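Report on the structure
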Amino acid sequence: MTPLSRGMNAANSPLPPVVFIHGWKASVLADEKTGKTEFDYTLGTLLGIAKDPALELPLQWDENQNQVRDNLVAVNPCHSATAFCGIKIGSIYGPMLDFLEQSRDLRTFAYDWRRPLDESAVLFEEFLVQVKEQCGQPPQVVAHSMGCLITLSVLNKRPQSFHSILFAAAAFSPVVSILKDFSLVGEMNVVARNSTMFTPKVHLSNTAPFYFLPYPMERALWDKPHVITFWDENKTPLDQDDLHKVETWKRLKIGMYHPESGVEHSHAYDTWLQTVLNRVGTFRRGLIPANSGLKASDCPPICVLRGDYEDTEFGYLCANGQIDLKKNITFLRGDGRVTVEDSMPPSGIPVSKVVTNDREHSQVLNDIESVSLLLDHLIEEKKKMNQK
């Protein structure tokens, strides 16, 4: 991907370029050969009256151990939900993108949010190198949700590729609420009125969301205030259970093994899932500075923008050997998808400023006042760092 500028001419400004990386389900997917848009948030899709896009990927790895591709490629971050003739009916990243296009030299990194995050991290790392070569300086990176996880992976390997970073509604910490997406038809898989576009069967092949899942007691390594996400009837913590093992999924009846998943699992599916979980474990262990060797002194200036919008699902009761994903749910404050505490990077990565707004997950970054404030703050912090 060539990092083309979408904003003001870089020659007109001494400011560093800005790179935006989006979150899960938040880039337009188009047919690689015809250019026809296959996935975007159109009125017909949101109402469930248009034909659902074919989002399942092959359950295979190629000779380079990358997931085999289909015909779809990521084109741009999603700007707005639209009705017929392109009429805007709702904002996705639109307000933030429009602001950055008007005020900064903006480049956007669109990745296929269905594919393994270790693949996307490699592509993002290459993208940042190209931006630095084009502009003569590394960019400020604005990352949202899953994009923060990809950015964190690259930061642990190549901190010099960043001028500074703004993490927004970051889906950082290992979480288990994503299990509802893997296990239940409807529920978290409903988009507006469409309950069929995303299902446990689709997610089985869309490997990216598996990268949110923890290995045993990972939250403790992040120094999170709340470490336990599973309990049994006697309130005994169960976070020693390894969600990176298929046998755990079978025993707890989660994912395709849940009776309401709608997936007829097989040995081939078991094998596929285990290979995915193995990659997830390797990826997640590289996110923590204690494992990667990243030093705080090597980090660029970092800010966090997060949402405190509503009580957000966090933990679940395991009753009679099965996780109850519908009742006895533990909540923490958050943006409806990510809890407030989980929007912070792991210990060992310094954060110079945190702003908390009252917006839900998809709208946290459309707080233009806070985005502008934090980007300016990061530039000043970088100046101070360069003077040392």
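Data block above holds the structure.
Conventions we followed
- Residues numbered from 1 in each chain as written.
- Predicted model: local features only at pLDDT ≥ 70, side-chain atom pairs only at ≥ 80, totals over all residues.
- Heavy atoms only, no water.
- Helix = DSSP H or I, 4+ residues; strand = E, 2+ residues; numbered from the N terminus.
- Buried < 20%, exposed > 50% of the residue type's maximum accessible area, 1.4 Å probe, protein only.
- Contact = heavy atoms within 4.5 Å.
- Areas by Shrake-Rupley, 256 points an atom, 1.4 Å probe, with all protein chains shown as cover.
- Lys, Arg positive; Asp, Glu negative; His and termini not counted.
- Charge placed at Lys NZ, Arg CZ, Asp CG, Glu CD.
- Pairing = 2+ DSSP bridges.
- Axes fitted to C-alpha atoms, helices over the stretch in contact; angles between N-to-C directions.
- Arc of directions from axis to C-beta.
- Phe/Tyr/Trp six-rings, centres within 6.5 Å; stacked < 30°, edge-to-face > 60°.
- Lys NZ or Arg CZ within 6 Å of the ring centre and 35° of its normal.
- Core = buried A, V, L, I, M, F, W, Y, C linked by side-chain atoms within 4.5 Å.
- 1 Å grid on protein atoms, 1.4 Å probe; cavity = no way out; pocket = protein on both sides within 12 Å on 5 of 7 lines; lining within 4 Å.
- Points joined across faces, edges and corners; volume = space filled by probe spheres on them.
- Nonpolar A, V, L, I, M, F, W, Y, C, P; charged D, E, K, R; others polar.

This brings us to the overall build of the protein. Within the protein, the secondary structure is distributed over 11 helices and 15 strands. Based on the C-alpha atoms only, the size of the protein along its principal axes is roughly 65 × 50 × 45 Å. Relative to its full complement of 388 residues, the protein shows a buried share of 56%. Residue pairs in contact within the protein that sit at least 24 positions apart in sequence constitute 75% of those at least 6 positions apart. Carbon and sulfur atoms make up 50% of the accessible area of the protein, which amounts to about 16,200 Å² in all. Across the protein, the 39 positively charged side chains and the 47 negatively charged ones have centroids separated by 2 Å.

Looking now at the sheet that holds strand E3 (residues 37-39). Read from one edge of the open sheet, three strands run E3-E2-E4, paired in antiparallel fashion. Strand pairing shows two members of the sheet lacking a second neighbour, E3 and strand E4 (72-77), which therefore form its edges. The sheet shows a mean angle of 45° between the axes of neighbouring strands, direction not considered. Bridge count for strand E2 (residues 27-31) against E3 is two bridges, and the pairing is antiparallel. Pairing of Ala30 across the sheet is with Thr37, part of E3.

The next subject is the sheet that holds strand E8 (residues 140-144). Pairing is parallel in the open sheet, where six strands are placed in the order E7-E1-E8-E9-E11-E15. The open sheet is flanked by strand E7 (106-109) and strand E15 (353-357), the only strands paired with a single partner. If you compare each strand with its neighbour and ignore which way they point, the axes differ by 15° on average. In the sheet, E8 pairs with strand E9 (residues 164-168) via five bridges, with the strands oriented parallel. Residue pairing for E9: Gln140 is matched across the bridge by Ser164. Helix H3 (residues 117-135) rests against strand E1 (18-21), E7 and E8 of the sheet, and its axis sits at about 160° to E7.

Among the residues of helix H2 (residues 94-103), those classed as buried are Gly94, Met96, Leu97 and Leu100. Projection of H2 onto a plane perpendicular to its axis shows the buried side chains occupying an angular sector of 165°, all on one side. Considering only its buried residues, H2 is in contact with E1, E4, strand E5 (80-82), E7 and helix H11 (368-387).

Another point: the packing of aromatic side chains. Aromatic ring pairs are defined here through the distance separating the ring centres and the angle between the ring planes. Considering all chains together, one arrives at 16 aromatic pairs under this definition. Ring geometry for Phe109 versus Tyr111: centroids 6.2 Å apart, planes at 20°, classification stacked. Accessibility classification places Phe109 together with Tyr111 in one group, the buried group. Here the aromatic residues Phe39, Tyr41, Trp113 and Phe198 are joined through ring pairs into a cluster of three or more. The ring of Phe198 has Lys25 lying over it, and the distance from NZ or CZ to the ring centre is 4.1 Å. The ring of Tyr215 has Arg285 sitting right over it, with the charged end atom 4.0 Å from the ring centre.

Of note in the backbone geometry, Lys25 takes a positive phi value of approximately 60° without being a glycine. Locating Lys25 in the fold gives a position in the loop between E1 and E2.

For the rest of this paragraph, the subject is the nonpolar core. By size, the foremost hydrophobic cluster in this structure holds 109 residues, and its most contacted members are Leu179 and Trp249. Excluding its chain neighbours within four sequence positions, the residues that come into contact with Trp249 are Leu179, Phe182, Phe210, Leu213, Leu243, Ile254, Gly255, Tyr257, Leu273 and Leu277.

Further remarks concern the environment of Asp239. Mapped onto the elements, Asp239 comes out in the loop between strand E10 (230-232) and helix H8 (246-252). Here Asp239 falls in the buried class, since its relative accessible area comes to 11%. For the pair formed by Asp239 and Leu213, sequence separation is 26 residues and the distance between their alpha carbons is 12 Å. If we skip the residues at most four places from it in the chain, Asp239 touches Pro216, Met217, Val227, Ile228, Thr229 and Phe230.

Inspection of the entire model under this criterion finds three cavities of 30 Å³ or more. Space inside the largest cavity adds up to approximately 80 Å³. Forming the walls of the largest cavity are 13 residues, and the residues nearest its centre are Pro214, Tyr215, Met217, Thr229 and Asp239. Classifying every residue of the lining of the largest cavity gives eight nonpolar, one polar and four charged. In this structure, the second largest cavity encloses a volume near 50 Å³.

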